[in-house]
Amino acid sequence: MRALSIALAGALLASTPAAAQTLEEQALLHQLAGEVRPERMRADIEALVGFGTRHTLSETDSDTRGIGAARRWAQGQFEAISRDCGGCLTVVTPSDTVTGPRVPTPTEVVDVVAIQRGTGDPDRVIIISGHIDSRVTDVMNFTADAPGANDDASGVAAVLEAARVLSKHRFEATLVFAALSGEEQGLLGGKILADYAQARGWRVEANLNNDIVGNSEGQSGVRDTTRVRVFSEGTKTVETEAQEERRRYNGGEVDSASRNLARFVDGLADRYLANFDVDMIYRTDRYGRGGDQVEMLRHGFPAVRISEGAENYDRQHQDLRTENGVEYGDTIEGVDFDYLGQVARLNVVAMAALGNAPASPLGVTIEGAVKPDTTVKWQAVPGAAGYRVWWRSTTAPQWTHSRWAGPATELVLPGVVIDDFFFGVSAVSADGYESPVVFPGPAGSFVAVGDPAPRPAN
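Rules and cut-offs
- Residues numbered from 1 in each chain as written.
- Predicted model: local features only at pLDDT ≥ 70, side-chain atom pairs only at ≥ 80, totals over all residues.
- Heavy atoms only, no water.
- Axes fitted to C-alpha atoms, helices over the stretch in contact; angles between N-to-C directions.
- Helix = DSSP H or I, 4+ residues; strand = E, 2+ residues; numbered from the N terminus.
- Parallel < 35°, antiparallel > 145°, perpendicular 65-115°, else oblique.
- Left-handed = near helix turned anticlockwise from the far one by under 90°.
- Contact = heavy atoms within 4.5 Å.
- Nonpolar A, V, L, I, M, F, W, Y, C, P; charged D, E, K, R; others polar.
- Buried < 20%, exposed > 50% of the residue type's maximum accessible area, 1.4 Å probe, protein only.
- Pairing = 2+ DSSP bridges.
- 1 Å grid on protein atoms, 1.4 Å probe; cavity = no way out; pocket = protein on both sides within 12 Å on 5 of 7 lines; lining within 4 Å.
- Points joined across faces, edges and corners; volume = space filled by probe spheres on them.
- Arc of directions from axis to C-beta.

## Quick look at the packing of helix 5 (residues 149-166) against helix 10 (residues 337-356)
Packing of helix 5 against helix 10 leaves a shortest axis separation of 9 Å and a crossing angle of 50°. As judged from the angle between their axes, helix 5 and helix 10 are oblique. As helix 5 runs across helix 10, the sense of the crossing is right-handed. Every residue of helix 10 that contacts helix 5 at Ser154, Ala162, Val165 and Leu166 is listed here: Leu340, Val348, Met351 and Ala352. Class assignment for the residues of the contact of helix 5 with helix 10 results in seven nonpolar, one polar and no charged.

Structure, rendered in structure tokens:
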């Protein structure tokens, strides 16, 4: 009889979808999505395009042209936002003098970063980023006009709009808004920010890197306003040899912290945005290409790249020209501001949800070899009123089943066989904010594990 009861309990658990669980919708997240204003982002992009070129090697002394003028403008925007929220933002400009394959002479590369300190867990950090520099066909051409309206003034505009909206509220975790330089010359600004975070002991739980997020018309001419792509690594860049061996045997190839961050963002789009979906792409970035989130990954920080669903390559990395009736160049005419507004809403909702949730659980482990039941264990984290244990088929893209564990740090799933599923744990606050799901072991931990990997060429 006991064996039958366990089997029935296991069948009930395995057939209870996540949608049937108590997953609270947050009124604040709906409110924040409604506060995004595309017209403000249009003004931001117009200002950035107005600097002519923002190439990393362009002039820095002019107040009207070049990367220096653009950086000072961005700093001024952050400072104005801070004044509006009573000084809630600390604006810093981390920098480094760089030489390299795309920087032939020593050049100071400067990021512009605004920090909104968390009220309860300030060492836990959520970052939104976009790169302020631009380029034309020849990556070394720093004198030609390079408007960079979509690549990546659109990302910087999303960063600024997130700062405007979120600075009016307070969050448990620290929120960081970053306009990065030097992306086109080798992900330089991303490394500067990652080094800055590491030196200050930030526990970076998420980096939402927005790069090329404002266009809705693809190369084919088909317009798609309903989807955005979120790229995430499957296996951690910083994985050690021993961790690789364990992961290859027990699983985790599709469950890095970054991948579960992408799942988290996808779920928020489904619940808080109308007619706008996340396409989770199981790659670190577009094929053979890269963005500043790569440097976060090299430092062991969870990070995703957010990019428009349909790219138009005639408008990327192109000299301004018309050939055979085709207009080339990254001009403001290629930006769909209603679409960009949806992308900004997704970022705002994600940052707020992460900022108010407890930290992702630590020390997640599973047990159950040669047993009919699976035991999941984890360590308590500050701010968690309880925990939810999740599981899914090993071929399912999203977490599909869950069980509430309350404040315990261990849960037995009767009749759920460890061999047949992947498992994870999320932490839930008293007011219902929930962390991303954490897969067991180093493969899924949101805390950097292992030494930084060597930096491959961009």
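There's more to say after this.
## So, the packing of helix 3 (residues 38-49) against helix 4 (residues 67-84)
With their axes 10 Å apart at the nearest point, helix 3 and helix 4 run at an angle of 155° to one another. Between helix 3 and helix 4, the interaxial angle falls into the category roughly antiparallel. For the pair helix 3 and helix 4, the crossing hand works out as right-handed. Residue-level inspection shows Asp44, Ala47 and Leu48 of helix 3 in contact with helix 4, the latter providing Ala70, Trp73 and Gln77. A breakdown of the residues in the contact of helix 3 with helix 4 according to their chemical character gives four nonpolar, one polar and one charged.

## Focus: the side chain of Thr107
In this structure, Thr107 sits in strand 3 (residues 103-110). Since its relative accessible area comes to 14%, Thr107 is described here as buried. Once residues lying within four places of it in the same chain are set aside, the contact partners of Thr107 are Thr56, Leu57, Asp96, Thr97 and Val98.

## As for the sheet that holds strand 18 (residues 421-428)
Spatially, three strands are ordered 16-15-18 in an open sheet, and the strand pairing comes out antiparallel. Edge strands, defined here as strands with exactly one partner in the open sheet, are strand 16 (401-406) and strand 18. Each strand of the sheet is rotated relative to its neighbour by a mean of 20°, with strand direction disregarded. Bridge analysis of strand 15 (residues 386-393) against strand 18 gives eight bridges, and the strand direction is antiparallel. Across the sheet, residue Gly386 finds its bridge partner in strand 18, namely Val428.

## Let's talk about empty space enclosed by the protein
In the structure shown here, the tally under the stated rule is two cavities of 30 Å³ or more. A volume near 60 Å³ is recorded for the largest cavity. Lining the largest cavity are 13 residues, and of these Glu233, Lys236, Gly300, Phe301 and Pro302 lie nearest its centre. Taken together, the residues of the lining of the largest cavity break down into seven nonpolar, four polar and two charged. Of the pockets and cavities examined, the second largest cavity occupies roughly 40 Å³.

## Topic: helix 2 (residues 27-34)
Among the residues of helix 2, those classed as buried are Leu29, Leu32 and Ala33. The buried residues of helix 2 occupy an angular sector of 100° when projected down its axis, which confines them to one face. Buried-residue contacts for helix 2 involve helix 5, helix 8 (257-272) and helix 10.

## Here we look at the sheet that holds strand 7 (residues 203-210)
Here we have eight strands laid out as an open sheet, ordered 1-4-6-5-7-10-8-9, and mixed in their pairing. For this open sheet the edge positions go to strand 1 (89-92) and strand 9 (277-281), each flanked by a neighbour on one side alone. The mean angle between the axes of side-by-side strands here comes to 20°, regardless of whether they run parallel or antiparallel. Pairing of strand 5 (residues 121-131) with strand 6 (residues 173-180), which is carried by eight bridges, proceeds in the parallel orientation. When the bridges of strand 6 are listed, Ile127 appears paired with Val176. On top of the sheet, helix 8 reaches strand 7, strand 8 (227-232), strand 9 and strand 10 (303-308); it is set at about 165° to strand 9, its chief contact.

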